[in-house]
Amino acid sequence: MTHRRIEALRRDIVTPRFVLRPLTRWQMLRLQHHYLKDEGIRALLTLRRKPPSLWQSFRRIGRANGRTRFHHAIVDRTTKAVIGIHSTRLTPFRTANFEVILGDRTWWGRDVVPEIRKALIIVLVRQAGLEQMLNRVHSRNYGSVLNYGKLGFEHVGTSHMAAYDEFRDAPADFLLFSLRGDALRRSVDAWEKEGALVAA
């Protein structure tokens, strides 16, 4: 499947509290490399004790191309500060998956991810015709698991011993979450009514 350009994802996307601002690969690299120096973030995301090299970070993020991969800074509308980063990747069969790093710990537990994801998903469904959001998350990343529940995602599978958790010195399971079909469309309708997307 060939993806057309999604112009709305190449512009600012505004939610009630945040702006998702498009980033180049180099801007994304600088922010991600900085955030992954935080051991607490690595324990939830990469499961590795050692921070990645600059080259490893570069390979990890991929190039934003306007069709299948998009990078955004999460900007606090009040302070104008960048508090995190978000990546969106489109795969065949009208599916998208996400990755987020909330680098500013003062925002942890304050529903940043559900808010920005609602706006992104509205854009992906309304302007790109996507039919499924599919994501994999470390089973002990309790904040992410909770966020998927808040967004109405369904747990559709588990990859047992899919990676090695260097912090726990043990194999790690990953959970697969999906939001698709009628449930996705109902969620988008409800989020639009509540004003989740201010502008795109």
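Here, every reference points to the structure presented above.
How each quantity is defined
- Residues numbered from 1 in each chain as written.
- Predicted model: local features only at pLDDT ≥ 70, side-chain atom pairs only at ≥ 80, totals over all residues.
- Heavy atoms only, no water.
- Helix = DSSP H or I, 4+ residues; strand = E, 2+ residues; numbered from the N terminus.
- Expected span 1.5 Å × (residues − 1).
- Buried < 20%, exposed > 50% of the residue type's maximum accessible area, 1.4 Å probe, protein only.
- Arc of directions from axis to C-beta.
- Contact = heavy atoms within 4.5 Å.
- Core = buried A, V, L, I, M, F, W, Y, C linked by side-chain atoms within 4.5 Å.

K.L.:
Lay out helix H6 (residues 181-193) in plain terms, naming residues and giving numbers.
P.N.:
The terminal C-alpha atoms of H6, which comprises 13 residues, lie 19 Å apart, in line with the 18 Å expected from a rise of 1.5 Å per residue. The complete set of buried residues in H6 reads Leu184, Ser187, Val188 and Trp191. Buried residues of H6, seen end-on, are gathered within an arc of 100° and therefore sit on one face of the element. Exposed residues lying more than 90 degrees from the buried face of H6 are Arg186 and Lys193. Residues of H6 that are buried in the fold lie against helix H4 (112-128), strand S6 (132-138) and strand S8 (170-180). One or two positions beyond H6, positive phi appears at Gly195, with a value near 80°.

K.L.:
Just give me the short version of the nonpolar core, but keep the residues and values in it.
P.N.:
Membership of the largest hydrophobic core comes to 39 residues, with the highest contact counts inside it found for Leu9, Ile74, Ile121, Leu124, Met133 and Phe153. Within the residue set of this core, elements represented by two or more residues are strand S2 (18-22), strand S3 (69-76), strand S4 (82-91), strand S5 (95-101), H4, S6, S8 and H6. Top element by residues in this core is H4. It accounts for eleven residues. Not counting residues within four places of it along the chain, the set of residues in contact with Phe153 comprises Ile121, Met133, Tyr148, Phe177, Ser178 and Leu179. One finds Val19, Leu31, Tyr35 and Ile85 within the second-largest nonpolar core, a separate group that totals 15 residues.

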